[in-house]
Amino acid sequence: MSEQKFMPRGRTLLAGKIISNYGQSSIDCIVRQISDVGAVIEIESALGIPLHFHLLIPGEGQPQPCKRAWQSDGQIGLVFEAAEAAKEEAARNGAEEPEGSEQIVRGQLLALRAALDVVDVGVLLLGADMKSQFINRAFRRMWALPDAVADRNPAFVALMYHGRDTNTYEIEAKSIDAYVAERVRLVRAGDTKPLDLRRTNGEVIRMQCANLPNGGRMISYTYVTDIVRHADELEVLHSALDNVSEGVVMLDGNLNAQFLNKKMRTFWGVTGEQAARRPSYESLIRNSPHANDRGMTPDQLDAFYAGRVAAVRDGNEPLRDLRTTDGRNIRAHCALLKNGGRMLTYCDVTDLVRNAQQMEELATIDSMTGLHNRRHYWMLAAAEWSRFQRYYRPLSVLMIDVDHFKAVNDRYGHAVGDEVLVAVADACREGKRSSDIVGRLGGEEFVMLLPETDLDQAKIVAERVRQRVAAGALQAHGVHFNVTASVGFAAATASMSGFEALLHAADQALYQAKAEGRNRTVAWSPPPAAKLAAE
């Protein structure tokens, strides 16, 4: 065995050769780090390197017998067999050699540092004096730190100012000194809270400090650009959803709330802290401020909420209109997500429903009198006529006309004439039964449809309406006056061709009431059958 020549520690980037197979094989390498007990070497590929070999460093004497301790892609950690043999001999003799033990520790530390040199995470080891003891290769690449600077064991503050001088930090020039001082203070204080560092090139690096037993610090630096960018995008999305007028709820596959926007937190009475605990959808609807105001028994409430949860879980009812206990109309939409979750949106459509109802009323109600207009009355009458034809149940109709209405308009004006029409409409409403249908056909003509009513019962209703019209008192230009109405009525017969025929019959009776002096009711009677000629 050749005589061991111990070499100065800590040297790097020395050219060397790996000699094996009894000197017949030689591979060029670079000695990254070297100590008394071992070294780390770099080669293009670690494949084919035997367990035992010799390391030759030109100008350093004879090749040193080595043993491979570990390897990674492109690197090998080795120990010098002479040092290994000395350690074994000392162990056999029971001798305690502190210097040998120190060499073992150095070897282990060398292996650890070599391992830290191949990871992608930047690692910085600081002593208690805040000076660097070790800076791995990832840190050097991350912060563009030259080896000549890193190998001089710079202080942490010097490293911070290196970042300043290379324009790395996304910090205004006037604030950079305060930024460096705060970073140094946090590390010196041993603050272990992660800190995201934003660089001028758009990258984000997460720094975290760990306190070491010897009073030093180990600081790790990890690229989290994509994570932070996604978090920023998510924050922007959450902020946008918090300001929309619709309620938005995101549920996971177990129907637990992952996100509630401000609208829904207010609607369900949930604070931001409570929402962050990801409550279940069922607990949200059960514990909302008006959950128990539905007038249901506890069993009915349980069934109601179970149905709501089942509908969301099944996703078979994507659109649903809900009515809140305070009278609002909410349109809920449930969308199935690819991750098995649900997105619920809630839109307050109270105004739309109210407007639709108003539009429906405008389409079916006479704006002046509040009665059914001609078009809608005709639809209702057609339905009643169909029922009459199917079941032959009694059906009657009243035709009501204001007497001398043209004279009222001419004498008092159209505004008073409108008041007269409203008064007659009110008399019709007051004189009808709950099942009767009243409409305004146009001008001063009104009509009442009386289901389940024969001719005798229709006469009673007709007289009641006529009397109410006559009893009404009106005033114009300081003068009190009354109006009257004539009423013709008819009952449906099987021989009639349709509702038009029934209405025509009542109109004939009305014409007769007008001809007989007005302010009276007249029943329609079918004309007598024609006499047969004598044979």
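Data block above holds the structure.
This structure is a prediction, so every number in the text was calculated from the model and none was measured. (Residues numbered from 1 in each chain as written. Predicted model: local features only at pLDDT ≥ 70, side-chain atom pairs only at ≥ 80, totals over all residues. Heavy atoms only, no water.)

Concerning the nonpolar core
Then comes step 1: Of all hydrophobic cores here, the largest spans 30 residues; its most connected members are Leu398, Ile400, Val420, Cys428, Phe446, Met448 and Phe481.
Then comes step 2: Taken together, the elements giving at least two residues each to this core come down to strand E17 (395-402), helix H14 (405-412), helix H15 (414-431), strand E19 (445-451), helix H16 (455-471), strand E20 (474-476) and strand E22 (485-491).
Then comes step 3: With seven residues, H15 is the largest single contributor of residues to this core.
Then comes step 4: Once residues lying within four places of it in the same chain are set aside, the contact partners of Met448 are Tyr377, Ser396, Val397, Leu398, Ile400, Cys428, Lys432, Asp436, Ile437, Val438, Val461 and Val465. (Core = buried A, V, L, I, M, F, W, Y, C linked by side-chain atoms within 4.5 Å. Buried < 20%, exposed > 50% of the residue type's maximum accessible area, 1.4 Å probe, protein only. Helix = DSSP H or I, 4+ residues; strand = E, 2+ residues; numbered from the N terminus. Contact = heavy atoms within 4.5 Å.)

Some remarks on unusual backbone geometry
Then comes step 1: Positive phi outside glycine occurs at Arg518, with the angle close to 70°.
Then comes step 2: Tracing the sequence through the fold places Arg518 in the loop between helix H17 (499-515) and strand E23 (521-523).
Then comes step 3: By relative accessible area, which is 30% here, Arg518 ends up partly exposed.
Then comes step 4: The backbone of Asn519 shows a phi angle near 50°, a positive value even though the residue is not glycine.
Then comes step 5: In this fold, Asn519 is placed in the loop between H17 and E23.
Then comes step 6: Accessibility expressed as a relative area gives 29% for Asn519, which makes it partly exposed.

Quick notes on the pairing of strand E12 (residues 247-251)
Then comes step 1: Where burial is concerned, most of E12 is hidden: four out of the five residues are buried.
Then comes step 2: Here five bridges tie E12 to strand E16 (residues 342-348), and the two strands are oriented antiparallel to one another. Looking across to E16, one finds that Leu251 is bridged to Arg342.
Then comes step 3: For E12 and strand E13 (residues 257-260), the ladder comprises three bridges, and the chain directions are antiparallel. Directly across from Met250, in E13, lies its bridge partner Phe259.
Then comes step 4: Hairpin remark: E12 followed by E13, antiparallel, with five residues in the connecting loop; positive phi at Leu255, about 65°. (Pairing = 2+ DSSP bridges.)

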